Amino acid sequence: MSLFRRGEELHSVKFNAVLNAVKQLVSTIFPIITVPYITRVLGADSYGQVNYANSIVSYFVLLAGMGISTYATREGARIRNDKQRLSKFVNQMFTVNVFACLLSYAALLVLMLVWRPGSNLAILIFILSFSIAANTFGVDWVNVIFEDYVYITLRYIIFQVLAFASMLIFVHGSHDADVYAGCMVLPLVGGSLCNLWYIKRYVHPRLTKDVQFGAHVKAIVTLFANNVASTIYLSSDQTLLGIFSGSRAVGLYSLPVKAYSMIRNVLNALTYVMVPRLSAMIATHEEKQIIQLLNRTFCSLLTLILPASVGLFFLSPEIVSVLSGPQYAESSSVLQILSIALLFSVYSCFFANGILIPYRKESQFLLATSVAAVINLVLNCICIPLWGINGAAVTTLVAEMYILIHVYRAAAEYYRPDVSMRMIVSVVLGSVFVGLICVVGKMWVPSIALRLIVVIAVSVPSYLIIELLMGNIYVKNITLSLLRKIANR
């Protein structure tokens, strides 16, 4: 029995990728708008304290999630056309998720009673902890199973606008850190409340006694352990910076990390959007279509990631200055280091989340992230006392390099990139040209803000023109598709 309504079809992967990229771009644009205001209004100490509290809560969000979202998306996509099986599966996952959520809140309560942090930090942790329940009861993975990126994107944009407006209206000084924390969780809480109504068009999640935990436990625990390891090597930088160097160092480090994460998330959107479709293809053994989908995604990432890394490296001082002013100038070197890590991070996501997870090889991903977490923790304890925020960035780079090497070797059983030398040359040439434009812009445009605008405005179309002239088929296809849509209008 088909679960889709009559006349309702899945959008193309390209369309979904565009929507997911738009969502990530919005998640990039809003911080670009809000970070300059928030960092100046709150100051480095209060801003760092909020980020420190958020890094603590993130561990309990992780515990409540239990890797269920990834597992549910992968397995649910395989049976999404069978209403009865899917409804039973969703109820099982929802029940496990609620239990994990309660366990997470209990663990957080114990931590607060034993640790007894200062009142300001305790209030921030309490406010940010609403994200734990929001992630659980929102059940957003149901929308991902059905690739409903139109709703996901629109909902995200609406609540980001509301959060931004709230920041401007209510956050006016360093004493408003708790208000800023509330604005941070507003999109999650509001989005989850919307989901409670919206997902009824697909399923009606409810608690069940028939959990059949034994059938799911191995994959869920493995994915949870993988998420723990990933969080350690992604979040331990800020946690250890808070311990070794204080809140100010966390504030200085948080800014370039956010800028790096914005670009990384936009690029990773191309990988994540193909996972439900790829899982469904694997279930029906569509081998040829699988290779085509993987190759399109790999080459599209190559077209985007190299110029993005080059531009981020050269424009790091300008980006930091425009976002937060001169008091954060010393953190530009962190962003330069992370611009190199971007190359490894995006492709490790492709091979791990885009190949190993759909093929149910999460144990290999777990091994990679576990080793990376150990490397990250050890190097952080050595590098942060020596080099401060730059040391934390170097450990992230090393961890990302290791993960890519490991997951590439593990995924080689299913996919090996097939990229023409002509395409590689065109991307490298275009990226070199982007770097030259950045250098010339630094020499000829004195104003920092104007320089950033001019360099981006010149380098993006220049890169696209070079790729078209060099015959980059992926840029050509996207350009032709846009021109056809414009002509049809």
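Right, let's walk through the structure included here. (Residues numbered from 1 in each chain as written. Predicted model: local features only at pLDDT ≥ 70, side-chain atom pairs only at ≥ 80, totals over all residues. Heavy atoms only, no water.)

### Regarding the pattern of salt bridges
As a reminder, the rule being used: Here, a salt bridge means any side-chain nitrogen of Lys or Arg that lies within 4 Å of a carboxyl oxygen of Asp or Glu. Labels follow the DSSP assignment, with helices taken as runs of H or I lasting at least four residues and strands as runs of E lasting at least two, numbered in each case from the N terminus. Remark: exposure states derive from per-residue accessible area (1.4 Å probe, protein chains only) relative to the maximum for the residue type, with buried under 20%, exposed over 50%, and partly exposed in between.
Scanning all chains against the criterion turns up ten salt bridges. Notably, a salt bridge pairs Glu-318 with Lys-442, separated by 2.8 Å at the nearest N-O pair. One end of the pair, Glu-318, is in helix H13 (residues 316–324); the other, Lys-442, is in helix H17 (residues 421–444), and 124 residues separate them in sequence. You can call Glu-318 buried: its relative accessible area is 3%. Glu-318 is paired through a salt bridge with Arg-451; the nearest N and O atoms lie 2.7 Å apart. Of this pair, Glu-318 sits in helix H13 while Arg-451 sits in helix H18 (residues 448–469), and the two are 133 residues apart along the sequence.

### With respect to the packing of helix H14 (residues 332–356) against helix H16 (residues 389–411)
Which entries qualify depends on this criterion: A fitted line through C-alpha atoms serves as each axis, taken over the contacting stretch for helices, and the angle formed by two N-to-C directions is quoted from 0 to 180°. By the definition adopted for this analysis, an angle is roughly parallel if under 35 degrees, roughly antiparallel if over 145, roughly perpendicular if from 65 to 115, and oblique otherwise. Should the near helix be turned anticlockwise from the far one by less than a right angle, the crossing is termed left-handed; should it be turned clockwise, right-handed. Under this grouping Gly is polar, as are all residues other than the nonpolar Ala, Val, Leu, Ile, Met, Phe, Trp, Tyr, Cys and Pro and the charged Asp, Glu, Lys and Arg.
Where H14 contacts H16, the two axes come as close as 8 Å, and the packing angle between them is 25°. The pairing of H14 with H16 is recorded here as roughly parallel in orientation. Crossing of H14 against H16: the hand is left-handed. Residue composition of the contact of H14 with H16, grouped by class: 22 nonpolar, five polar and one charged.

### Things to note about the environment of Val-440
By secondary structure assignment, the location of Val-440 is in helix H17. When its relative accessible area of 45% is taken as the criterion, Val-440 is described as partly exposed. The spatial distance from the C-alpha of Val-440 to the C-alpha of Arg-264 is 26 Å, given a sequence separation of 176 residues.

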